[in-house]
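In case you want the letters, here they are:
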Amino acid sequence: MHMVTIDNFNFKGLRAIVRVDFNVPLDKKTFEVTDDTRIRGALPTINKILNDGGSCILMSHLGRPDGVPQEKYSLKHVIPVLSKHLGREVKFADDCVGESARLLAASLKPGEVLLLENVRFYLEEEGKPKLPEGVSEEEKKAAKEEMKKRQKEFTAKLASLADCYVNDAFGTAHRAHASTTLIAAHFPGKSMFGYLIEAELKAMDKVLHAPDHPFTAIMGGAKVSDKIMVIERMLEKVDNLIIGGGMTYTFIKAQGGKIGKSLCEEDKLDLALQILEKAKAKGVKVYLPVDAVNGDAFDANANTSVSKVNETPDGWMGLDIGPETIALFSEVIKNSKTILWNGPMGVFEFEKFAAGTSAIAKAIAEATAAGAFSLVGGGDSVAAVNKNKLADKISYVSTGGGAMLEYIEGKELPGIKAIRG
Ligand code: AMP
């Protein structure tokens with residue numbers, strides 16, 4: 001069957017249940033939304049439905065309430081911002097599958113918006129039972145079975161509120177939850193992606209399947225083990241692989257360098273060498289840092305010094321890439337036509353070790369201005385882009401960290417499969 005797309009679907013007179021990602025940061029005291037990026041991201045989809053003459057039932061998770069309703073995780077806190085952006089009233093059901101949701105959904109008129117309370121106030125959303133310590137394997141199995149049944153009922157209740165389903169929450173597309181995946185089966189021929197997920201898929205597919213060359217992947221962050229799958233997949237695609245961040249030191253130590261107290265995964269040294277060999281065999285150029293900004297402690301106020309990356313003084317640890325590395329990496333980036341970036345170059349949360357990550361963000365923005373296609377994903381890299389006010393200078397800033405990595409690794413995301421088939 002041909003997949004339905006939001007653009008060729010007419011919502012006139014229909015109630016659409018839309019999975020959005022309103023997992024936004026809230027002020028700890030006032031519960032005001034402190035960053036509304038994700039809310040703004042959902043607006044094109046919501047507006048298309050409303051402009052067609054349909055109505056919207058919005059559902060999302062917020063935080064990790066683990067099945068326990070709590071004020072600090074209530075989605076009602078997003079209403080003022082959402083209402084302002086939409087220029088209309090937003091109704092609220094304080095229980096996503098209860099009587100209030102049923103009545104409010106049933107009375108929803110074209111052009112109206114109903115927001116449901118946090119779907120994760122029910123364990124059924126994720127479908128994982130909470131088990132006390134020390135239960136037997138048999139009891140565990142029974143609890144899982146029971147939860148599966150309840151999850152089915154929960155999904156059916158959500159589905160019963162609407163006539164069609166739109167998934168626009170990319171950040172949770174790698175989770176097989178009720179609202180992200182299971183619900184799609186209730187709307188055959190009437191399940192589709194929203195504009196945000198469409199854009200995410202388009203950006204990732206461009207990088208994976210139709211990159212212009214030279215193609216450079218920049219991988220940073222703490223651990224090799226988290227990124228190994230992506231790195232291996234990237235070796236099939238890229239011309240250049242830039243490695244930075246904490247994972248640098250596993251590679252440096254594997255090559256016989258001195259790394260002081262730097263982060264290192266001792267059990268991944270062989271793996272690091274294998275990656276380098278594989279890259280060589282495939283003709284991929286690997287760029288590791290040549291110098292580093294070291295700290296004498298893992299602390300925002302640590303003393304700093306610069307050394308060659310493989311000559312970290314005893315008692316010190318490498319916490320950012322150094323000036324020569326910034327120049328080297330920037331040059332490679334600026335000569336690229338496709339750029340994929342995930343993971344910071346250093347402990348960018350500490351101002352003293354943030355320069356490397358910021359410099360990379362700037363180099364990517366410059367390359368983009370010169371015609372490259374750039375895709376940046378992962379909470380930390382995105383934060384660095386935003387901090388440097390460069391979001392509109394990157395071709396695509398992904399809203400999903402884990403989901404993006406899994407898609408690029410080649411895994412099938414349940415939320416995508418549920419709609420694409
Ligand atoms: P990840 O979640 O794997 O992308 O890792 C992100 C984290 O890696 C950030 O919190 C950074 O502070 C941390 N990080 C980056 N570079 C280093 C480094 N050289 N040493 C220790 N941690 C680092």
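Presented here is a report on the structure given in the accompanying data block. (Residues numbered from 1 in each chain as written. Predicted model: local features only at pLDDT ≥ 70, side-chain atom pairs only at ≥ 80, totals over all residues. Heavy atoms only, no water.)

Some details on the overall build of the chain
Check the secondary structure of the chain and you find 13 helices and 15 strands. For a compact globule of 421 residues, the expected C-alpha radius of gyration is about 22 Å, and the chain comes in at 23 Å, within 12% of that figure. The principal-axis extents of the C-alpha atoms in the chain amount to approximately 70 × 55 × 45 Å. Out of the 421 residues in the chain, the part that is buried amounts to 52%. Look at the contacts in the chain between residues 6 or more apart in sequence, and 73% of them connect residues 24 or more apart. About 18800 Å² of surface is accessible on the chain, with carbon and sulfur atoms providing 51% of the total. Positive and negative side-chain charges of the chain, numbering 54 and 56 respectively, have mean locations separated by a distance of 3 Å. (Helix = DSSP H or I, 4+ residues; strand = E, 2+ residues; numbered from the N terminus. Rg over C-alpha atoms; globule rule 2.2 N^0.38 Å. Buried < 20%, exposed > 50% of the residue type's maximum accessible area, 1.4 Å probe, protein only. Contact = heavy atoms within 4.5 Å. Areas by Shrake-Rupley, 256 points an atom, 1.4 Å probe, with all protein chains shown as cover. Lys, Arg positive; Asp, Glu negative; His and termini not counted. Charge placed at Lys NZ, Arg CZ, Asp CG, Glu CD.)

Overview of the sheet that holds strand E2 (residues 55-59)
Strand order in the open sheet formed by six strands is E3-E4-E2-E1-E5-E6, with parallel pairing between adjacent strands. Looking at strand neighbours, the two that pair on one side only are strand E3 (90-93) and strand E6 (191-193), the edges of this open sheet. Along the sheet, successive strands turn relative to each other by an average axial angle of 25°, direction set aside. Bridge count for strand E1 (residues 15-19) against strand E5 (residues 164-167) is four bridges, and the pairing is parallel. (Pairing = 2+ DSSP bridges. Axes fitted to C-alpha atoms, helices over the stretch in contact; angles between N-to-C directions.)

Here we look at the pairing of strand E4 (residues 113-116)
Here E4 shows two buried faces, one formed by Val113 and Leu115 and the other by Leu114 and Leu116. Across three bridges, the pairing between E2 and E4 is parallel. Bridging from a neighbouring strand, isoleucine 57 pairs with leucine 114 of E4. Sheet topology places E3 next to E4; four bridges connect them, and they run parallel. From the neighbouring strand, valine 90 faces E4, where its bridge partner is valine 113. Note that the unit made of E3, helix H3 (residues 99-106) and E4 has a crossover that is right-handed. (Right-handed = clockwise from strand over helix to strand, strands pointing away.)

Re the side chain of arginine 19
Structurally, arginine 19 is set in strand E1. A distance of 3.1 Å separates polar atoms of two side chains, one belonging to arginine 19 and the other to histidine 61. A polar contact is formed between the side chain of arginine 19 and the side chain of serine 179, at a distance of 2.7 Å. (Polar contact = N/O pair within 3.5 Å; in protein donor to acceptor, adjacent residues only side chain to side chain.)

Comments concerning the sheet that holds strand E10 (residues 291-295)
Pairing is antiparallel across the open sheet formed by three strands, whose spatial order is E11-E10-E12. Looking at the sheet topology across the chains shown, the edges are occupied by strand E11 (304-308) and strand E12 (317-321). On average, adjacent strands in this sheet sit at an angle of 40° to one another, irrespective of strand direction. In this structure, E10 lies alongside E12, joined through four bridges in antiparallel fashion. Among the inter-strand pairings, glycine 295 is bridged to a residue of E12, identified as methionine 317. Most of the contacts of helix H9 (residues 323-334) go to E12, to which it runs at about 40°, and overall it touches E10, E11 and E12.

Notes on the pattern of salt bridges
What the rule picks out here adds up to 20 salt bridges. Two residues, glutamate 71 and lysine 76, come together in a salt bridge whose shortest N-O distance is 3.1 Å. Overall, glutamate 71 belongs to the partly exposed group, its relative accessible area being 42%. (Salt bridge = Lys/Arg side-chain N within 4 Å of Asp/Glu carboxyl O.)

Overview of the nonpolar core
Note on soluble globular proteins: their nonpolar side chains tend to be buried together. Counting residues in hydrophobic clusters, the biggest one holds 67 residues, and the most contacted among them are Ile17, Leu116 and Met234. Sort the elements by how many residues they give to this core and helix H5 (residues 195-209) lands first, with seven residues. Dropping the residues within four chain positions of it, leucine 116 is found in contact with Ile17, Ile57, Leu58, Met59, Leu75, Phe92, Ala93, Cys96, Ala101, Leu158 and Leu161. With 32 residues, the next largest nonpolar core counts Val4, Phe9, Ala16 and Ile39 among its residues. (Core = buried A, V, L, I, M, F, W, Y, C linked by side-chain atoms within 4.5 Å.)

A look at the packing of helix H6 (residues 224-235) against helix H12 (residues 402-409)
Running from N to C, H6 and H12 point in directions that differ by 40°, and their axes come no closer than 8 Å. It follows that H6 is oblique to H12 by the angle criterion. Like other packed secondary-structure pairs, H6 and H12 cross with a definite hand, here left-handed. Listed contacts from H12 to Lys227, Met229, Val230, Arg233 and Met234 of H6 are Leu405, Tyr407, Ile408 and Glu409. (Parallel < 35°, antiparallel > 145°, perpendicular 65-115°, else oblique. Left-handed = near helix turned anticlockwise from the far one by under 90°.)

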